[in-house]
Amino acid sequence: MLVVQHGAVLQITLNRPARLNAFNPAMHSALHNSLQSAADSTAIRAVLLTGAGRAFCAGQDLSERDPRQNSPGSNATLTHDLGKTLETYYNPLVRRLRSLEKPVVCAVNGVAAGAGASVALACDIVLAARSARFIQAFSRIGLVPDTGGSWLLPRLVGEARAKGLIMTAEPISAEQAADWGLIWRVFDDDQLASEAAALAQRLADGPTRGLALSKAAIQSASENSLDQQLDLERDLQRKAGQTLDYAEGVAAFLDKRSPIFTGQ
Ligand code: LHQ
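Along each chain, residue indices are assigned from 1 in the same order as the chain's sequence is written. Per-residue local features are limited, in this predicted model, to residues with pLDDT of at least 70; the limit for side-chain atom pairs, both in listing and counting, is 80 or more; totals at the level of whole chains, interfaces and linings are taken over all residues. With hydrogens and water set aside, each side-chain value is computed from the structure's full complement of heavy atoms.

(A) Broad picture of unusual backbone geometry. Despite not being glycine, Leu20 shows a phi value in the positive range, around 50 degrees. At Asn21, a position not held by glycine, the phi torsion is positive, near 60 degrees. A run of H or I in DSSP counts as a helix once it spans at least four residues, and a run of E counts as a strand once it spans at least two, with each numbered from the N terminus. Within the secondary structure layout, Asn21 lies in the loop between strand E2 (9-14) and helix H1 (25-40). Buried residues are those whose accessible area, probed at 1.4 Å on protein chains only, stays under 20% of the maximum for their type, while exposed residues exceed 50% and partly exposed ones sit between those limits. The class for Asn21 is buried, based on a relative accessible area of 0%.

Here is the structure:
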């Protein structure tokens, strides 16, 4: 995995291109550690996640799951407890992304399949190259959508489209994904990296705590009643109103200048 800090942006590039950046334990732990360092560092105010080569991520590395490698007569499903794999690697990753108090931009540079698609969708703002495809590949190998996919997909695109995507495992284009509200925007392939970097930089220059509180509000919305959400907005706005960035935002507005947010 490649991890580079550009100013206040931590750019993480999944880097197993020969396997379309499929997840193995080493990539999981490197990604987890990088996200944790982003969470812990006040110098980092946004994360940009992308993939090296022609893919974003092809999900779990299936070459490490070959049932034929089991001894004759053994049962692959007993050998590999997939629930344990999720609990050890994928579920903490989704929880880490969703609870990170900084915006996470995902630049889907190519195909995103299986858990790779779910990881992209668990990020806050998803951009994609025009040539990228999203594939709910799980049913092709007899699995259920995981890594938060079964929760996120119906919320993003509705139950009818979620079931169609999951049960057929048909790829959808980046344009279709944007039309359906699965992702934020599509860019020409040669523009994606610069557009994603510019967006991540813009977010890193933003009111970090206010953005984190906005993220929390949005993520709670689908579970809350309107009354609960109004209460939550009250509590979060109280916190946002105590930040230095709020004071700076109002002062800059009144002074007719651009605000300089510090993330405090
Ligand atoms: C791969 C992979 C891959 C290894 C391409 N693994 N090598 C969670 C918990 C526990 C267990 C199971 O799963 C999960 C969640 C999941 O993620 S389940 C879904 C797992 N992913 C998939 O089923 C996707 C598998 N890949 C594909 O269907 C295709 O590769 C896609 C559609 C992504 C891309 O197709 P192409 O553009 O035609 O590329 P390709 O198939 O030729 O792949 C290029 C190379 O990458 C190839 O290796 P090779 O040595 O022949 O060049 C593939 O074997 C390798 N690769 N995905 N997941």
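(B) Structural context of empty space enclosed by the protein. Lining residues are defined by having an atom within 4 Å of a point belonging to a cavity or pocket. Those points lie on a 1 Å grid over the protein atoms alone, cavities being sets where a 1.4 Å probe fits but cannot get out and pockets being open sets with protein on both sides within 12 Å along at least five of seven lines. Grid points are joined across faces, edges and corners, and a volume is the space filled by probe spheres set on the points. What the rule picks out here adds up to one cavity of 30 Å³ or more. Space inside the largest cavity adds up to approximately 30 Å³. What lines the largest cavity is simply Phe23, Asn24, Pro25, His28, Gln60, Arg65, Thr85 and Tyr89. For the lining of the largest cavity, the secondary structure elements donating two or more residues are H1 and helix H3 (82-99). By residue class, the composition of the lining of the largest cavity is three nonpolar, four polar and one charged. We call Asp, Glu, Lys and Arg charged. Ala, Val, Leu, Ile, Met, Phe, Trp, Tyr, Cys and Pro are nonpolar, and the rest, Gly among them, are polar.

(C) Just the site of the ligand, in detail. Summary of the distance rule: residues count as near a molecule or strand when at least one heavy atom falls within 4 Å of that molecule or strand. Surveying the vicinity of the ligand reveals 27 residues, the closest of which are Arg54, Ala58, Gln60, Leu62 and Ala115. Within the side chain of Arg54, one N or O atom sits 2.8 Å away from an oxygen atom of the ligand. In protein, a polar contact means a hydrogen-donor-capable atom and an acceptor-capable atom, both N or O and within 3.5 Å, with residues adjacent in sequence counting only if both atoms are side-chain atoms; elsewhere, any N or O pair within 3.5 Å suffices. Between the ligand and the protein, one listed contact pairs a nitrogen atom with a backbone N or O atom of Gln60 at 2.8 Å. For accessible areas, the Shrake-Rupley method is used with a probe of radius 1.4 Å. Any residue's cover is judged against the shown protein chains and nothing else. Contact with the protein chains removes 68% of the 1000 Å² of surface that the ligand exposes when unbound. Contributing elements (two or more residues each) for the shell around the ligand: H3, strand E6 (111-113) and strand E8 (133-135). With four residues, the top contributor of residues to the shell around the ligand is H3. Among the residues making up the shell around the ligand, the classes are represented as 16 nonpolar, five polar and six charged.

(D) Structural context of the pattern of salt bridges. Salt bridge, as used here, is a side-chain nitrogen of Lys or Arg placed within 4 Å of a carboxyl oxygen of Asp or Glu. One pass over the structure, following the stated rule, counts 13 salt bridges. Close ionic contact of Arg95 with Glu87 constitutes a salt bridge, the shortest N to O distance being 3.7 Å. Judged by its relative accessible area of 53%, Arg95 is exposed. For Glu87, a relative accessible area of 48% corresponds to the partly exposed category.

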